[in-house]
Amino acid sequence: MAPKSSAASSSSRSSKIAPPNASHPAARAGLIDAALSSRQHAHPASYHSFISSKYLSPPTSSSSARGKRPPPSPLAPPLPDAIPASVVQERLIRWFEGVKTDRGMPWRKDVDARIAEKDGGMTTAQRSQRGYEVWVSEIMLQQTQVAAVIPYYNRWLTLFPTIASLASASDDAVNSAWKGLGYYSRAKRLLEGAKRVQKEFKGRMPETVEDLLKVDGIGPYSAGAISSIAFGKRAPMVDGNVTRVLSPNLDASPPVSATDINDKPLLNPPGTFNQALMELGATVCTPRNPDCGSCCLKDVCLGYAEVRAARAAKPTPTEQVPVADIEDLCTVCTPFDPSSSAFEVTQYPQSKEKKAVREEETVVGIVEWTCSTSGESKDGSRKVLLVKRPEKGLLAGLWEFPALDLPTTSPSTPASRSRSLQSHLSSLIPTLPPLTPSSSPPTTSPTLTSTSSLGSVLQVYSHQKRLYHITRLIFSSPCPPILSSTLTTKAKWVDATQVEDTVTGGAAGKCWAVRNGKKPEGFGVLLSNLGKGGPGKKAAAGGTKKANGGTAKRRRKDRSSEEEAEESDDGWLVSDDEEVEVVRKKAKKTAVKVVEEVSVVEVKTEEPRRKRPVIVVSDSESE
């Protein structure tokens with residue numbers, strides 16, 4: 001875990017910090033001043049025990065079989081004047097009731113799953129349907145903005161209104177409904193999960209966390225969300241938003257996963273309480289500029305109480321441990337220096353060290369066939385070769401153009417890419433001629449009539465940047481070339497007019513857009529760390545070779561300096577904890593795509609700035 005820099009943090013949207021909260025239980029016990037006076041923010045385990053609840057009682061300290069002292073528990077008896085958990089819950093739920101419809105989420109419904117059917121509650125079928133709707137929404141919301149999910153959610157329930165209708169759908173139908181939302185493995189898991197529910201649970205959505213975890217694609221977070229929201233079960237659901245609320249409120253900075261922060265039973269009503277925690281983290285306790293002054297928990301939050309005390313009069317850090325016994329120190333939190341200028345409410349939770357994003361290359365062949373006897377050359381009479389990706393891995397089971405990932409040992413060159421593409425296409429089409437245009441008379445074998453290098457397009461995934469080098473190849477023969485017998489279920493010829501509806505991955509869509517003369521996002525933006533001989537910092541020019549003595553035509557370079565943020569495979573921004581600001585210098589006009597089919601904003605300035613909203617990764621099992 002790494003401390004957050006002051007540049008990326010802000011304690012409040014208001015520049016004015018409230019005076020110290022002397023009534024906070026930790027302040028009354030003198031623990032806040034002691035923690036701020038320690039150079040390592042040392043504090044006893046009781047520092048976090050300012051909330052009392054029968055569900056949070058510490059475990060009994062019993063000796064082990066060998067007589068050794070058991071490891072210290074992160075829980076401690078409540079402090080004097082501890083705040084009852086019911087008070088915290090009531091404040092949070094009261095606030096949530098006033099804002100829960102503000103963002104127009106169609107999956108939020110006022111139903112109480114705890115009411116029995118005989119008392120006017122939902123039937124078993126209605127409960128199952130409610131569980132299905134929550135399931136779909138939670139999977140869609142993984143790594144995707146709420147505004148982007150809403151139209152997809154509505155369309156999904158129109159196409160697949162029940163678990164049974166989804167279970168009987170084809171892979172292509174499901175991928176088509178998901179097209180544009182990104183992270184297609186989520187759609188695949190929904191389909192597989194629906195089949196499991198149909199087979200093992202007789203088409204009824206499981207209600208408990210234990211049973212939900214048996215369904216494909218449902219992990220601890222999703223199971224807790226479905227069980228608590230749809231069925232009223234006491235189950236924790238901890239995502240990035242919830243972690244961001246609990247960590248500063250409890251003043252906890254554990255070097256552990258989010259699921260370890262609050263794995264305790266919840267008070268009633270658990271579904272409303274869970275949603276309230278999520279909403280507070282998404283709208284108030286945000287990664288940058290949290291609105292602490294208007295937070296319903298501002299007088300409870302220990303992190304905010306620390307900042308208020310520190311701003312009033314910073315104690316001088318010392319090496320003195322502020323507890324009588326070093327064995328009483330908190331064993332959960334990561335040490336940090338509270339006197340640092342980076343110490344803000346946003347210090348909690350501690351940020352993770354980001355892994356370096358891999359930079360790799362792929363050669364793509366857009367292979368087109370035209371009939372040599374018809375004389376037609378328009379898309380209406382052309383066919384395009386598509387290949388289905390493996391059922392596991394990146395973009396599993398999606399249709400794309402023939403593509404081959406290049407070795408990462410050394411940068412590629414036009415010649416090496418051509419050889420790789422020739423070898424790959426030969427495995428798909430045994431009768432494939434050399435990738436050199438020919439002016440020979442038509443034969444029964446395919447003849448290459450045109451080859452064009454269309455340049456490169458960059459696609460940024462959550463874990464890698466991949467540069468796709470595109471080559472367009474046009475073959476002519478009386479009939480479409482016969483595909484390899486071992487690939488009949490993995491490759492097919494598709495009418496050119498149907499390609500856009502068939503390919504679903506973001507990279508394949510971009511390649512087809514380039515083929516049609518467009519310049520999608522990422523066109524000409526190349527990788528920077530592939531070394532000499534490979535793509536550089538600017539766009540690589542492509543060449544066009546035509547049969548019958550045609551001359552090479554050089555494509556214009558696109559010198560966009562836009563820095564790419566982490567994105568899903570269809571361009572939805574993915575950022576754990578911070579906004580990403582992209583600056584395109586010297587641009588006269590910038591079109592900002594806020595949400596597909598929602599709005600487009602144009603900014604006419606010398607240095608327009610485009611801000612993309614924050615997305616929080618909500619489930620560790622999502623990828």
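The shown structure was predicted, so the numbers you read here are calculated from the model rather than taken from an experiment.

1. Concerning the overall build of the protein chain
- Helix and strand counts for the protein chain come out as 16 helices and 14 strands.
- Burial status across the protein chain gives 50% buried among its 623 residues.
- Expressed as a percentage of contacts within the protein chain between residues at least 6 apart in sequence, the contacts between residues at least 24 apart total 72%.
- Surface accessibility of the protein chain: about 29,600 Å² in total, with carbon and sulfur atoms responsible for 52%.

2. Looking at the environment of Gln 498
- Note that Gln 498 resides in the loop between strand 9 (491-495) and helix 15 (499-502).
- C-alpha separation for the pair Gln 498 and Lys 383, spaced 115 residues apart in sequence, amounts to 9.1 Å.

3. Observations regarding helix 7 (residues 171-178)
- Residues Val 174, Asn 175, Ala 177 and Trp 178 constitute the buried set of helix 7. Seen end-on, helix 7 carries its buried residues on one side only, within an arc spanning 160 degrees.
- If you follow the buried residues of helix 7, they end up packed against helix 4 (124-141), helix 5 (146-159), helix 6 (163-167) and helix 8 (185-200).
- In the segment just after helix 7, Gly 180 is the residue with positive phi, at about 100 degrees.

4. Some details on the packing of aromatic side chains
- Inspection of every chain in the model, using the stated rule, returns 5 aromatic pairs.
- Taken together, a centroid distance of 5.2 Å and an interplanar angle of 75 degrees make the contact between Trp 107 and Tyr 153 edge-to-face. Of the two residues, Trp 107 sits in the loop between helix 3 (85-99) and helix 4 while Tyr 153 sits in helix 5, which places them 46 residues apart along the sequence.
- With a relative accessible area of 6%, Trp 107 lands in the buried category.

5. Here's the deal with the pattern of salt bridges
- Evaluated as defined, the whole model comprises 21 salt bridges.
- Between Glu 279 and Arg 103 there is a salt bridge, with the nearest N and O atoms lying 2.8 Å from each other. Of this pair, Glu 279 sits in helix 12 (residues 270-283) while Arg 103 sits in the loop between helix 3 and helix 4; the two residues are 176 residues apart in sequence, bridging distant segments of the chain.
- Connected through shared salt-bridge partners, Arg 358, Glu 360, Asp 405 and Arg 466 make up one network.

6. Let's talk about unusual backbone geometry
- Positive phi, normally seen in glycine, also occurs at His 41, with a value near 55 degrees.
- Tracing the backbone shows His 41 in the loop between helix 2 (31-37) and strand 1 (51-52).
- Judged by relative accessible area, His 41 falls into the buried class, the value being 3%.
- Look at Asn 289: it is not a glycine, yet its phi comes out positive at around 50 degrees.

7. Observations concerning the environment of Leu 92
- Note that Leu 92 resides in helix 3.
- Through-space distance from the C-alpha of Leu 92 to that of Cys 295 is 9.4 Å; in sequence the pair is 203 residues apart.
- For Leu 92, the residues in contact, after removing those within four places along its chain, are Phe 273, Ala 276, Leu 277, Leu 280, Cys 296 and Leu 297.

8. Remarks on the nonpolar core
- Counting residues in hydrophobic clusters, the biggest one holds 106 residues, and the most contacted among them are Trp 135, Trp 156 and Phe 401.
- The next biggest cluster of nonpolar side chains, apart from the first, holds 19 residues, and it includes Leu 428, Leu 435, Leu 473 and Phe 475.

9. A closer look at the packing of helix 3 against helix 12
- Where helix 3 contacts helix 12, the two axes come as close as 9 Å, and the packing angle between them is 70 degrees. In terms of axis orientation, helix 3 runs roughly perpendicular to helix 12. Residues Gln 89, Leu 92, Ile 93, Trp 95, Phe 96, Glu 97 and Val 99 of helix 3 pack against Thr 272, Phe 273, Gln 275, Ala 276, Leu 277, Glu 279, Leu 280 and Thr 283 of helix 12.

10. Overview of the confidence of the model for the protein chain
- Per-residue pLDDT for the protein chain has a mean of 74; in total, 68% of the residues score no lower than 70.
- Predicted confidence in the protein chain is weakest over strand 11 (residues 580-583), with a mean pLDDT of 28, and strongest over helix 6, with 97.
- In the model, residues 59-67 has pLDDT below 50 throughout and makes 5 contacts with residues more than four positions away in sequence or in other chains.
- Between residues 318-324, whose pLDDT stays under 50, and residues either more than four places distant or in other chains, the model counts 12 contacts.

11. A few points about the environment of Leu 425
- If you trace the backbone, Leu 425 turns up in helix 14 (residues 414-428).
- Along the backbone, Leu 425 and Pro 402 are 23 residues apart, and their C-alpha atoms lie at a distance of 7.3 Å.
- Aside from chain neighbours lying at most four places away, what touches Leu 425 is Val 367, Pro 402, Leu 432, Leu 435 and Leu 473.

12. Digging into the pairing of strand 3 (residues 358-371)
- By the criterion of burial, strand 3 is predominantly enclosed, with 13 of the 14 residues buried.
- Relative to strand 8 (residues 464-477), strand 3 runs parallel, the two sharing 14 bridges. Within the sheet, the bridge partner assigned to Val 363 lies in strand 8 and is His 469.
- As paired strands, strand 3 and strand 6 (residues 403-405) are joined by 3 bridges and run antiparallel to one another. Pairing of Thr 362 across the sheet is with Asp 405, part of strand 6.
- Strand direction decides the pairing type here: strand 3 and strand 4 (residues 383-388), joined by 2 bridges, are antiparallel. For Trp 369, the partnering residue across the bridge sits in strand 4 and is Lys 383.

13. Regarding the packing of helix 5 against helix 7
- At a minimum axis distance of 10 Å, the contact between helix 5 and helix 7 shows a crossing angle of 155 degrees. The orientation of helix 5 with respect to helix 7, classified from their angle, is roughly antiparallel. Between helix 5, through Tyr 152, Arg 155, Trp 156 and Leu 159, and helix 7, the contact on the second element is made entirely by Val 174, Ala 177 and Trp 178.
- Taken together, the residues that form the contact of helix 5 with helix 7 break down as 6 nonpolar, no polar and 1 charged.

14. Remarks on helix 3
- Between its first and last C-alpha atoms helix 3 spans 22 Å; for 15 residues at 1.5 Å apiece the expected length is 21 Å, and the two agree.
- Turning to helix 3, its buried residues number three or more, namely Ala 85, Val 88, Gln 89, Leu 92, Ile 93, Trp 95, Phe 96 and Val 99. Down the axis of helix 3, the smallest arc covering the buried residues is 160 degrees, so these residues share one side. Opposite the buried face of helix 3, at more than 90 degrees from it, the exposed residues are Arg 94 and Gly 98.
- Looking at the packing, one finds that the buried side of helix 3 touches strand 1, strand 2 (83-84) and helix 12.

15. Describing the pairing of strand 7 (residues 447-460)
- Counting buried residues along strand 7, 12 of its 14 residues qualify, which places the element largely inside the surrounding structure.
- Of the strand pairs in this sheet, strand 7 and strand 8 are connected by 12 bridges, and their pairing is antiparallel. Bridge pairing in strand 8 links Leu 458 to Leu 467.
- Hairpin remark: strand 7 followed by strand 8, antiparallel, with 3 residues in the connecting loop.

16. Quick look at the state of the cysteines
- Evaluated as defined, the whole model comprises 0 disulfides.
- No disulfide involves Cys 292; its sulfur sits 6.5 Å from the nearest other cysteine sulfur, which is in Cys 285.
- On the basis of relative accessible area, Cys 292 is assigned to the buried category, the value being 9%.
- Residue Cys 333 stays outside any disulfide, its sulfur separated by 3.9 Å from that of Cys 330, the closest cysteine.
- Of the residues examined, Cys 333 reaches a relative accessible area of 16% and is grouped as buried.

Rules used in this analysis
Residues numbered from 1 in each chain as written. Predicted model: local features only at pLDDT ≥ 70, side-chain atom pairs only at ≥ 80, totals over all residues. Heavy atoms only, no water. Helix = DSSP H or I, 4+ residues; strand = E, 2+ residues; numbered from the N terminus. Buried < 20%, exposed > 50% of the residue type's maximum accessible area, 1.4 Å probe, protein only. Contact = heavy atoms within 4.5 Å. Areas by Shrake-Rupley, 256 points an atom, 1.4 Å probe, with all protein chains shown as cover. Arc of directions from axis to C-beta. Phe/Tyr/Trp six-rings, centres within 6.5 Å; stacked < 30°, edge-to-face > 60°. Salt bridge = Lys/Arg side-chain N within 4 Å of Asp/Glu carboxyl O. Core = buried A, V, L, I, M, F, W, Y, C linked by side-chain atoms within 4.5 Å. Axes fitted to C-alpha atoms, helices over the stretch in contact; angles between N-to-C directions. Parallel < 35°, antiparallel > 145°, perpendicular 65-115°, else oblique. pLDDT = per-residue confidence, 0-100. Pairing = 2+ DSSP bridges. Nonpolar A, V, L, I, M, F, W, Y, C, P; charged D, E, K, R; others polar. Expected span 1.5 Å × (residues − 1). Disulfide = S-S within 2.5 Å.

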